[in-house]
Amino acid sequence: MWCRRLAWLFKVPYQLRGSTRHRSLGLPCDRRTVPAAAARWHHTAPESLKCAWQLHGDHLELRYANTLMRFDFVWLRDHCRSASCYNAKTNQRSLDTASVDLGIKPKAVRVDETTLFLTWPDGHVTRYGLEWLVKNSYEGQKQQVMHPRILWNAEIYHQAQIPSVDCRSFLETDEGLKEFLQNFLLYGIAFVDNVTPTKEDTEILAERISLIRETIYGRMWYFTSDFSRGDTAYTKLALDRHTDTTYFQEPCGIQVFHCLKHEGTGGRTLLVDGFYAAEQVLRQAPDQFELLSKVPLKHEYVENVGDCHNHMIGVGPVLNVYPWNNELYLIRYNNYDRAVINTVPYDVVHRWYAAHRTLTTELRRPENELWVKLKPGKALFIDNWRVLHGREAFTGYRQLCGCYLTRDDVLNTARLLGLQA
């Protein structure tokens, strides 16, 4: 899982004793520092609480709850939660960060069983709970996962036996909505049953958890294989696994599908957990995982059909990770829409192709493919930042509706229900 850390991704040493910068990096070293030998650990009483601290020339070092933390003095002043520095009613900072002296240093430091006290040169006192510091320190964040997930292949998903949520429970109760969102956050897909098969009812369903994101395809899209747009999705052809709107600078977060009618054969929906596949790459070839997370690519959509004229370009790596803990949060994978690779030098591009091939091999493993037959009344929500989708070719008349949702609003709804999102 993504709790595994790749320390080697952070090439610059975290702590350079005696200075917050290093001469060899060509960066300034203008702070007065205290020699390492002069630093002394101070302990709270009793020492069994395992809390100790020592003051350096430019930072405070604190050991608590089995975590060794280092705090820059400006950071400690900037994050003060006193009434004059922070508005607890609005949860917003009142202190003007630009007014803090970059050479500031506390005049006095004291730590008791639960709290760190800092007295600044102007007499202002800052208090921090030690648990708050563990949670909010850089070192603490490295040990935490932003978005808990269960990675899956077809067998794992089937064995989990995740139930669909009934439409009425979804719309009318917090319990039903919370169950749906918990499934969605953990697996990246979730289903709602017994939905009236109309575009209007699907829209009501979507608005239960988010604002609908209006795009070049409209607010609620509604299509058949009528070739009305310059996109392969509007055909009867099979579609390989992909994420949508890779050509947006911010790809759409969630996609909703509801098959209203199908009079024919084929047309099953393919779902693949992109994070599960990326995890296999991380295990087998961490250097290739790193390359896929750092090399920027362009994806492009050019459309000139009827009254539809669009030219969209999105830029970003295939894998997007939080740099402090290497946790994957977005995969941008669409072989149809990838533009000319002109952002990668020749001595890197071949290695990128090899890494892309490794990821593609994982994404195309049959055991990773979850096939679902969408039917009227069953709505599917897909995390477009995580789960790739596709379809098999079909015959006959097939009518789908759906929309894109704003990711921030879905996560907001989940957090208000007490979920980690």
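Residues numbered from 1 in each chain as written. Predicted model: local features only at pLDDT ≥ 70, side-chain atom pairs only at ≥ 80, totals over all residues. Heavy atoms only, no water.

(A) A look at the sheet that holds strand E23 (residues 387–391). Across the sheet, which stays open at both edges, the four strands sit in the order E14-E23-E16-E21 with antiparallel pairing between neighbours. At either end of the open sheet lies a strand with only one pairing partner, and these are strand E14 (239–242) and strand E21 (370–372). Averaged over all neighbouring strand pairs, the angle between strand axes comes to 20 degrees, with direction disregarded. Bridge analysis of strand E16 (residues 269–273) against E21 gives three bridges, and the strand direction is antiparallel. (Pairing = 2+ DSSP bridges. Helix = DSSP H or I, 4+ residues; strand = E, 2+ residues; numbered from the N terminus. Axes fitted to C-alpha atoms, helices over the stretch in contact; angles between N-to-C directions.)

(B) Layout of the packing of helix H9 (residues 286–294) against helix H10 (residues 346–363). Between H9 and H10, the shortest axis-to-axis distance is 9 Å and the interhelical angle comes to 110 degrees. Of the possible angle classes, the one that applies to H9 and H10 is roughly perpendicular. Across the interface between the two elements, Gln288, Leu291 and Leu292 of H9 pack against Val348, Arg351, Trp352, Ala354, Ala355, His356, Thr358 and Leu359 of H10. (Parallel < 35°, antiparallel > 145°, perpendicular 65-115°, else oblique. Contact = heavy atoms within 4.5 Å.)

(C) Molecular detail of empty space enclosed by the protein. Scanning all chains against the criterion turns up four cavities of 30 Å³ or more. The wall of the largest cavity is formed by 13 residues, among which Arg149, Leu185, Asp383, Arg407 and Leu411 lie closest to the centre. Only helix H6 (174–187) and helix H11 (407–416) provide two or more residues apiece to the lining of the largest cavity. When the residues that make up the lining of the largest cavity are grouped by side-chain class, the tally is six nonpolar, three polar and four charged. (1 Å grid on protein atoms, 1.4 Å probe; cavity = no way out; pocket = protein on both sides within 12 Å on 5 of 7 lines; lining within 4 Å. Points joined across faces, edges and corners; volume = space filled by probe spheres on them. Nonpolar A, V, L, I, M, F, W, Y, C, P; charged D, E, K, R; others polar.)

(D) Representation of unusual backbone geometry in the model. In this structure, Gln161 takes a positive phi of about 50 degrees despite not being glycine. Summarising the element assignment, Gln161 is placed in the loop between helix H4 (154–160) and strand E10 (165–166). Phi is positive for Asn326, which is not a glycine, with a value near 65 degrees. Given the relative accessible area of 2%, Asn326 is considered buried. (Buried < 20%, exposed > 50% of the residue type's maximum accessible area, 1.4 Å probe, protein only.)

(E) Quick look at helix H7 (residues 199–207). Taken residue by residue, H7 has Thr202, Leu205 and Ala206 as its buried positions. For H7, the buried positions fall inside an angular range of 95 degrees around the axis, keeping them on one side. (Arc of directions from axis to C-beta.)

(F) View of the side chain of His59. Turning to its location among the elements, His59 is positioned in strand E3 (residues 59–64). Here His59 falls in the buried class, since its relative accessible area comes to 9%.

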